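Commentary on secondary and tertiary structure
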Amino acid sequence: MSSSILVVGSVAFDSVRTPFGEAEDVLGGSATYFSVSASFFSNVRVVAVVGSDFSDDHASIFKRHNIDTSGLVRADGRTFRWKGEYGFDLNEAHTLDTQLNVFESFRPDLPDSYRDAEYVFLGNIDPELQAEVLDQVRQPRVVACDTMNFWIDGKLDALRKTLRRVDILVINDGETRMLGGEANLVQAANKIRAMGPRVLIVKRGEYGVLMFGEESVFAAPAFPLEEVFDPTGAGDSFAGGFMGHLAASESMDDATFRRAIVYGSVMASFNVEEFSLKGLSKLTKTDIEGRFRQFQKLTHFDAL
Ligand code: AMP
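Given the structure is predicted, the values throughout are model-derived calculations rather than measurements. (Residues numbered from 1 in each chain as written. Predicted model: local features only at pLDDT ≥ 70, side-chain atom pairs only at ≥ 80, totals over all residues. Heavy atoms only, no water.)

1. Some points on unusual backbone geometry
With a phi close to 60°, Leu90 is a non-glycine residue in the positive phi region. Position of Leu90 relative to the elements: it lies in the loop between strand S6 (80-86) and strand S7 (93-99). (Helix = DSSP H or I, 4+ residues; strand = E, 2+ residues; numbered from the N terminus.)

What follows is the structure, given as structure tokens:
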């Protein structure tokens, strides 16, 4: 396979309520969704911490997807926990509770074998930890980053410092408005790109994705699904498919970015069809390529 991707983020137990059902303490976390999604395209190495309540059975999903877990630390204490709920339109998660637990005292120390990573994804986690991971990577070629209102609210200075070192920021529309301090998405995007990232990808739930790139602005719809069950992890599955394709193609031109956006949207669409990681973990390459072609049909139109 191609160059490998290093990801730091949360490995979590999530409790999620949607109008269609609920799940308690199921496996989740930004690093988990990202790495399973990216593993269909590229080698993945994960940096995170779990607690003593995290069993070998929980870890088996990483093994099954050939994800390198030498950087997954087991500490005394409880695994990170997130509780959220979604309204009827499923577009926005409302956080009910965040327990950092073992993440509170986590100081990442990358295994030697991780330090030559070329593709780095700083998943949604404390921006200080994101920076500490970046400090330990010798010469990253592409650094992408996710964050959320929790950190924009709570650690803005640290986040701004991390963003100076980021090439691609992947956040949702609410976070774009919040971080850019503008109601208008285009104006907010311009402000954010002045903070460091040369590319901003705005996730807009069921309305798809907008990329503000160096050469162009690109819009992709979300796949029109008849059933959406649980949107948790959609953003990280998107980022996994996106980075996975970038790393696999080892190219950075506008056409590659556009294809990567569509692969990201493909992975997010599979993820939201089921609770937790069920939608992603059973996929095959054939499923992914099939839905990629459906996306092509969905967005095709002829020139005048
Ligand atoms: P998303 O892909 O944006 O839906 O992210 C979903 C994942 O983010 C969930 O599985 C949560 O465990 C995780 N998460 C929620 N809040 C935080 C936080 N403050 N820090 C790190 N991870 C979080």
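2. Some words on the pattern of salt bridges
Per the stated rule, a full pass over the model turns up 19 salt bridges. When the shortest N-O distance is used, the salt bridge between Asp25 and Arg81 registers 3.6 Å. On the criterion of sequence distance, the pair formed by Asp25 in strand S3 (residues 21-28) and Arg81 in strand S6 is long-range, its members being 56 residues apart. Here the salt bridges do not stand alone but share partners, grouping Asp25, Asp53 and Arg81 into one network. (Salt bridge = Lys/Arg side-chain N within 4 Å of Asp/Glu carboxyl O.)

3. Quick look at the site of the ligand
As a matter of local geometry, the ligand sits amid 19 residues, with Ser10, Asp14, Gly29, Gly233 and Asp236 nearest to it. One nitrogen or oxygen atom from the side chain of Asp236 is found 2.6 Å from an oxygen atom belonging to the ligand. Notes on the ligand: free accessible area 510 Å², of which the protein chains cover 90%. Those elements giving two or more residues to the shell around the ligand turn out to be strand S2 (12-18), S6, helix H4 (149-154) and helix H8 (234-249). Per-element accounting of the shell around the ligand gives the leading share, three residues, to H8. By residue class, the composition of the shell around the ligand is ten nonpolar, seven polar and two charged. (Near = heavy atom within 4 Å. Polar contact = N/O pair within 3.5 Å; in protein donor to acceptor, adjacent residues only side chain to side chain. Areas by Shrake-Rupley, 256 points an atom, 1.4 Å probe, with all protein chains shown as cover. Nonpolar A, V, L, I, M, F, W, Y, C, P; charged D, E, K, R; others polar.)

4. Quick look at the packing of aromatic side chains
The full count for this structure, using the stated rule, is twelve aromatic pairs. Taking 4.7 Å as the distance between ring centres and 85° as the angle between the ring planes, the aromatic pair formed by Phe150 and Trp151 counts as edge-to-face. Taken together, a centroid distance of 6.1 Å and an interplanar angle of 10° make the contact between Phe238 and Phe242 stacked. Linking Phe238 with Phe242, this pair stays in helix H8, spanning four residues, or about one helical turn. The exposure classification of Phe238 matches that of Phe242, with both residues buried. An aromatic cluster of at least three residues, connected via ring pairs, comprises Phe41, Tyr263 and Phe292. The lysine or arginine in question, Arg291, covers the ring of Phe270, its NZ or CZ lying 4.0 Å from the ring centre. (Phe/Tyr/Trp six-rings, centres within 6.5 Å; stacked < 30°, edge-to-face > 60°. Buried < 20%, exposed > 50% of the residue type's maximum accessible area, 1.4 Å probe, protein only. Lys NZ or Arg CZ within 6 Å of the ring centre and 35° of its normal.)

5. Some thoughts on the pairing of strand S12 (residues 209-212)
A two-sided burial pattern is seen for S12, the buried positions comprising Val209 and Met211 on one face and Leu210 and Phe212 on the other. Alignment of strand S11 (residues 199-203) against S12, held across four bridges, turns out to be antiparallel. Bridging from a neighbouring strand, Lys203 pairs with Val209 of S12. Relative to strand S13 (residues 217-220), S12 is paired through four bridges, and the arrangement is antiparallel. In the sheet register, Val209 faces S13, and the bridge partner there is Ala220. As consecutive antiparallel partners, S12 and S13 are separated by four residues. (Pairing = 2+ DSSP bridges.)

6. A few points about the nonpolar core
Counting residues in each nonpolar core, the largest one holds 101 residues, and the members touching the most others are Ile168, Ile201 and Phe242. At nine residues, the largest contribution of residues to this core is made by helix H9 (residues 254-271). Filtering out sequence-adjacent residues up to four positions away, Ile168 remains in contact with Val142, Val143, Ala144, Cys145, Pro197, Val199, Ile201, Phe242, Leu246 and Phe257. (Core = buried A, V, L, I, M, F, W, Y, C linked by side-chain atoms within 4.5 Å. Contact = heavy atoms within 4.5 Å.)

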